[in-house]
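If you want the building blocks of each chain, they are given just below.
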Amino acid sequence: MAPKRTGLGRGIGALIPTVSDQQDRPVDVFFPTGGSPASAPSSGGTAEDLVAVPGARLANLNPLDVVPNAQQPRKEFREEELQELVHSIREIGVLQPIVVRPIPGAGGTEPQYELIMGERRLRATKELGLATIPAIVKETPDDAMLRDALLENLHRAQLNALEEASAYQQLLADFGITQEQLAQRIGRSRPQITNTIRLLRLPSPVQRRVAAGVLSAGHARAILAAPDAEAMEYLAEKIVNEDLSVRAAEAIAQQLATKTPVKAKPEPSKRQAHFNDLAERIGDRLNTRVKIAVGARKSSVTIDFANGDDLDRILGELGIRDVAQ
């Protein structure tokens, strides 16, 4: 009896490549001929062992052979985001290589590379204790280190407003260029760079609140319209205590600048005034908004925080250690 023919003729197997068909296909996007990062050349390999790419070479480095970028513009690394990356790398590995440059004259026992891009990936890899990390090794001059690190963080929107302003200021000083030229180099508008750099004029207490995320960049720009440092600190305190919008902050800043008297609030009772003063002093100590609500049968103290890192900072001010860490 003749075998029964299927509708596909040769069968579904003809549509699926065999194992031998896949042997010439890369199995790793970074190390196409080595199978996996673990089998790729290590930092001790020769130049011939490395995979050549235009303008650089791809290598599998020991994370301990890489030191952070001293000109890294980003200063705030949120612990919860880093732990998410640690979990991701533990499960699926590093999906994007870091970028490094060789350290000239480094001894055999010293770190051989300096990081240009990818500090979070490097930190997570070190925390996991992995033996290797994929890296692009390229020759980068000193004057390009800050620029390259800044562009990576800007593209990822990972800098707070003050870190961005400080990086712009340093680039202007290092390159000796105008804001217009800097805008062309990094793909930003000149007014955007100008307005960001102006944030460095804020008083130190206000800058700390911006860096901690208690005040937004929009609030910070509104505060700059206040006539002097004292007025700026007063407005920052008012924004935090009263949870003002940016538009409301801009209106108050304009009133302060034109000396327009602000409508006075009803005077609180003597007892409530004492608690308000106490809450303000606690808020100044913790650099955040504090509320004390007193009721007939129940009272409460409320301390605001922006995120996990800000809470850790406040706990440190109170001398409390987070036992969950």
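In this text, all values refer to a predicted model and were calculated from it rather than measured experimentally.

A. A look at the overall build of the chain. Scanning the chain from N- to C-terminus turns up 13 helices and 8 strands. The burial tally for the chain puts 35% of its 325 residues in the buried class. Taking all contacts inside the chain whose residues are at least 6 apart in sequence as the whole, residues at least 24 apart take part in 63%. Put simply, the chain shows about 19,600 Å² of open surface, and 53% of that area lies on carbon and sulfur atoms.

B. Summary view of the nonpolar core. The biggest cluster of nonpolar side chains holds 23 residues, and the ones touching the most others in it are Leu199, Leu202, Val210, Leu215, Ile223, Leu235 and Ile239. For this core, the secondary structure elements donating two or more residues are α5 (161-175), α8 (204-211), α9 (217-223), α10 (229-242) and α11 (246-257). At 6 residues, the largest contribution of residues to this core is made by α10. Ignoring anything within four residues of it in the chain, the contact list for Leu215 reads Val206, Arg209, Val210, Ile223, Ala236, Ile239 and Val240. Counting residues in hydrophobic clusters, the runner-up holds 17 residues, among them Val66, Val100, Ala124 and Ile133.

C. Structural view of unusual backbone geometry. Positive phi is not limited to glycine here, since Asp243 has a value of about 55°. Position of Asp243 among the secondary structure elements: in the loop between α10 and α11. Take Asp243: its relative accessible area is 59%, and that puts it in the exposed class. Despite not being glycine, Asn287 shows a phi value in the positive range, around 60°.

D. Inspection of the pattern of salt bridges at higher detail. Here the structure, examined in full by the defined rule, presents 9 salt bridges. The closest approach of N and O atoms between Arg101 and Glu114, which form a salt bridge, is 3.0 Å. Taken together, the residues span a long stretch of sequence, with Arg101 in strand β4 (residues 98-102) and Glu114 in strand β5 (residues 113-117) at a distance of 13 residues. Note on accessibility: Arg101 and Glu114 belong to one class, buried.

E. Main features of the confidence of the model for the chain. When the pLDDT values of the chain are averaged, the result is 75; 70% of them are 70 or greater. Within the chain, α9 carries the highest mean pLDDT (91), whereas helix α1 (residues 19-22) carries the lowest (45). Under a pLDDT of 50 for its full length, residues 12-16 has, in the predicted model, 0 contacts with residues more than four places off or in other chains. In the model, residues 18-48 has pLDDT below 50 throughout and makes 34 contacts with residues more than four positions away in sequence or in other chains.

F. Region of the structure containing the environment of Leu122. Note that Leu122 resides in helix α3 (residues 119-128). Between the C-alpha atom of Leu122 and that of Pro134, which follows or precedes it by 12 residues, the distance is 9.9 Å. Ignoring sequence-local partners within four residues, the contact set of Leu122 consists of Pro63, Val66, Ile98, Leu115 and Ile133.

G. Up close: α3. All of the buried residues in α3 are Glu119, Arg120, Arg121, Leu122, Ala124 and Thr125. Note on α3: the residue one or two positions beyond its end, Gly129, has a positive phi of about 75°.

H. Quick peek at the packing of α8 against α10. Where α8 contacts α10, the axes come no closer than 9 Å and their chain directions differ by 35°. Residues Pro205, Val206 and Arg209 of α8 lie in contact with α10, whose contacting residues are Met232, Glu233, Ala236, Glu237 and Val240. Its residues assigned to classes, the contact of α8 with α10 shows 5 nonpolar, no polar and 3 charged.

I. Spotlight on the side chain of Asp310. You can see Asp310 is positioned in helix α13 (residues 308-317). Its relative accessible area of 2% is what places Asp310 among the buried residues. Polar contacts involving the side chain of Asp310 include one to the side chain of Arg313, which spans 2.7 Å. With residues up to four places along the chain from it excluded, the contact list for Asp310 reads Ala212, Val214 and Phe305.

J. Quick look at the pairing of strand β2 (residues 56-61). Among the 6 residues that make up β2, 5 are buried, leaving the element largely enclosed by the rest of the structure. Across 5 bridges, the pairing between β2 and strand β6 (residues 133-137) is antiparallel. When the bridges of β6 are listed, Ala59 appears paired with Ala135.

What counts, and at which threshold
- Residues numbered from 1 in each chain as written.
- Predicted model: local features only at pLDDT ≥ 70, side-chain atom pairs only at ≥ 80, totals over all residues.
- Heavy atoms only, no water.
- Helix = DSSP H or I, 4+ residues; strand = E, 2+ residues; numbered from the N terminus.
- Buried < 20%, exposed > 50% of the residue type's maximum accessible area, 1.4 Å probe, protein only.
- Contact = heavy atoms within 4.5 Å.
- Areas by Shrake-Rupley, 256 points an atom, 1.4 Å probe, with all protein chains shown as cover.
- Core = buried A, V, L, I, M, F, W, Y, C linked by side-chain atoms within 4.5 Å.
- Salt bridge = Lys/Arg side-chain N within 4 Å of Asp/Glu carboxyl O.
- pLDDT = per-residue confidence, 0-100.
- Axes fitted to C-alpha atoms, helices over the stretch in contact; angles between N-to-C directions.
- Nonpolar A, V, L, I, M, F, W, Y, C, P; charged D, E, K, R; others polar.
- Polar contact = N/O pair within 3.5 Å; in protein donor to acceptor, adjacent residues only side chain to side chain.
- Pairing = 2+ DSSP bridges.

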